[in-house]
Each structure stands twice: as C-alpha cells, then as structure tokens.
Amino acid sequence: MKIFKNIFLIIIVIVVGWNSVYFKKLDEVKASKEQKSFDAVKYAKEFWDKKLIPGGGQAIELSQLLSMITTDQARAFEDHSHALGIGNLRYFLVKDDATVEKIENDFIIINCNNSHFKVATEFIFGNAVRDATGLIDINEFTNTMDFNNVSAELNKIIRENVLPPFKSKVKPGDTIEFVGAIELNKEHFQLNNIEIIPIQLKIK
C-alpha cells in the first residue's frame with residue numbers, strides 16, 4: 001500500500017512539473033528581449049546631442065567638396081563620404097554659407113558660391129543624416145528594423161525641431177549658415193541637382 005502511495009505521489013510531481021515547464025526557441029527569446037530593450041527615440045536623441053551636432057564642425061564646406069569632386073573625384077569620395085556597403089550611394093556631411101533665393105512649398109533654393117542647391121524643408125526621409133558622419137556602426141544593431149528606426153527618429157527631430165523655427169522666419173535675400181547631409185551616386189551624379197537634408201540652419 002505504501003509503495004502505491006509513493007508511486008502516486010511521484011506521478012503527481014511529474015505531471016505538475018511537466019505542466020509548469022515550457023520551451024521556446026532561443027532566437028524567439030532573443031528577439032523578444034531585443035525588441036523590448038532597444039529604444040530608437042533615446043538612441044537617436046543621444047546621437048544627435050552627443051555626436052551629430054558636435055561633429056558639425058567636421059563637415060566639409062560644400063563649395064570645397066564640389067571643387068574637389070571636379071578635380072579629383074576619387075579622393076573626394078574616399079576622404080569625405082561614408083556608406084554602409086560597397087555600392088555607389090555615398091553620403092557627405094557638408095556646411096557653408098548661402099543666400100536664400102526662393103522659398104517653395106517643399107524646399108528653399110539657395111545660392112552658395114554662385115551654385116544653386118535645394119534645402120529640403122518638408123519631406124525629410126532616407127538615411128543621409130544617419131550615415132553621413134560614419135559614426136554609427138551597423139554592427140551595433142541586432143536587426144535592420146532597429147537600424148532603420150534610428151533614421152526615422154533623426155528625420156523626425158529635423159521635422160519637429162530644426163525646420164519650424166527656421167521656416168517661420170526665413171525670407172528671400174537672407175544669408176544663412178547650414179550644416180546638412182547630401183547623397184551622391186559616385187557613378188551617376190549631377191552637381192547642379194543636389195538636395196541638402198538640413199541638420200542645422202541659422203539665419204545670419
């Protein structure tokens with residue numbers, strides 16, 4: 001009788017123990033943990049405050065960059081552009097002074113050393129701001145979604161914090177200082193059709 005009682009207790013322990021244990025794939029556990037832990041808003045804000053804005057002084061003057069491209073394209077791209085892969089798309093961090101010539105719905109036209117460029121003021125998208133400094137390493141991220149969310153948050157900072165105070169005051173004829181990011185295809189580019197994604201804008 002005692003033997004049957006012990007066997008019965010063992011069976012109960014096994015059943016209870018089995019029902020209290022469950023298994024999940026390791027990659028599912030890791031993905032869940034990473035999804036909860038990464039904060040793209042916080043990452044973008046810290047990158048903006050601690051690296052991007054302080055690093056604006058390291059930007060090359062746009063007029064100097066264009067001069068280099070016309071005389072030594074390979075060196076200009078090698079020394080001053082950044083990209084994640086080996087493709088033709090490259091990103092530059094640029095700065096300069098310019099005169100505002102025209103204000104349109106989606107951008108302003110500026111004259112920088114007798115060359116005309118567009119500064120985006122409405123549609124801010126893409127990875128130019130994230131990648132132009134070369135300071136963000138893709139290997140920091142465990143998935144491409146987090147990496148792309150950083151771009152989205154940086155672009156949001158520009159739309160919400162950089163552009164509104166500038167757009168409310170700027171007018172044709174103003175002289176401005178800018179720091180921004182540009183994208184160029186090193187095999188197919190037009191220097192007279194460059195669009196600048198602004199990072200800093202100041203009316204002088």
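For the structure, see preceding data.
Residues numbered from 1 in each chain as written. Predicted model: local features only at pLDDT ≥ 70, side-chain atom pairs only at ≥ 80, totals over all residues. Heavy atoms only, no water.

Asks: Looking at this model, I keep getting lost on the layout of surface pockets. Mind explaining?
Replies: Over the atoms, a rolling probe the size of a water molecule traces out where space has been left empty. The space that makes up the largest pocket amounts to roughly 370 Å³. If you trace the largest pocket, you find 18 residues lining it, with E183, L184, N193, I194 and E195 closest to the centre. When residues of the lining of the largest pocket are traced back to their parent elements, those giving at least two are β3 (89-103), β6 (175-185) and β7 (195-203). (1 Å grid on protein atoms, 1.4 Å probe; cavity = no way out; pocket = protein on both sides within 12 Å on 5 of 7 lines; lining within 4 Å. Points joined across faces, edges and corners; volume = space filled by probe spheres on them. Helix = DSSP H or I, 4+ residues; strand = E, 2+ residues; numbered from the N terminus.)

Asks: Any chance you could explain the pairing of β3 here in plain terms?
Replies: Note on strand geometry: in a regular strand, side chains alternate between the two faces of the sheet. In this sheet, β3 lies alongside strand β1 (residues 60-61) in parallel orientation, the contact comprising two bridges. Across the sheet, the residue bridging to I60 is V94, located in β3. Of the strand pairs in this sheet, strand β2 (residues 81-82) and β3 are connected by two bridges, and their pairing is antiparallel. Note that in β3 the partner of S81 across the bridge is F92. Inspection of the sheet shows β3 paired to β6 by 11 bridges, in the antiparallel sense. Bridging from a neighbouring strand, A98 pairs with I176 of β6. (Pairing = 2+ DSSP bridges.)

Asks: Quick question: what am I supposed to make of the nonpolar core here?
Replies: For soluble globular proteins, the rule of thumb is that nonpolar side chains tend to be buried together. Membership of the largest hydrophobic core comes to 52 residues, with the highest contact counts inside it found for I110, I182 and I196. The greatest single-element share of this core, amounting to eight residues, is contributed by helix α7 (residues 144-167). Excluding residues within four positions of it along the chain, I182 makes contact with L62, L65, R90, Y91, F92, V94, I194, E195 and I196. (Core = buried A, V, L, I, M, F, W, Y, C linked by side-chain atoms within 4.5 Å. Buried < 20%, exposed > 50% of the residue type's maximum accessible area, 1.4 Å probe, protein only. Contact = heavy atoms within 4.5 Å.)

Asks: Got a minute to help me understand unusual backbone geometry in this structure?
Replies: Only a minority of non-glycine residues have a phi that is not negative, and only a minority of peptide bonds are not trans. Of note, N113 is a non-glycine position whose phi angle comes to about 50°, a positive value. Considering the arrangement of structural elements, one finds N113 in the loop between β4 (107-112) and β5 (115-120). According to the relative accessible area criterion, N113 is exposed, its value standing at 53%. Phi at N114 takes a positive value of approximately 65°, unusual for a residue other than glycine. For N114, the position within the fold is in the loop between β4 and β5. For N114, a relative accessible area of 69% corresponds to the exposed category.

Asks: What should I look at first to understand the side chain of D174 in this one?
Replies: Tracing the backbone through its elements, the reader meets D174 in the loop between α7 and β6. Overall, the relative accessible area of 10% leaves D174 in the buried class. Only 2.9 Å separates the side chain of D174 from the backbone nitrogen of K171, close enough to count as a polar contact. Discounting chain neighbours no more than four positions away, the residues touching D174 are A98, T99, V100, K169 and I203. (Polar contact = N/O pair within 3.5 Å; in protein donor to acceptor, adjacent residues only side chain to side chain.)

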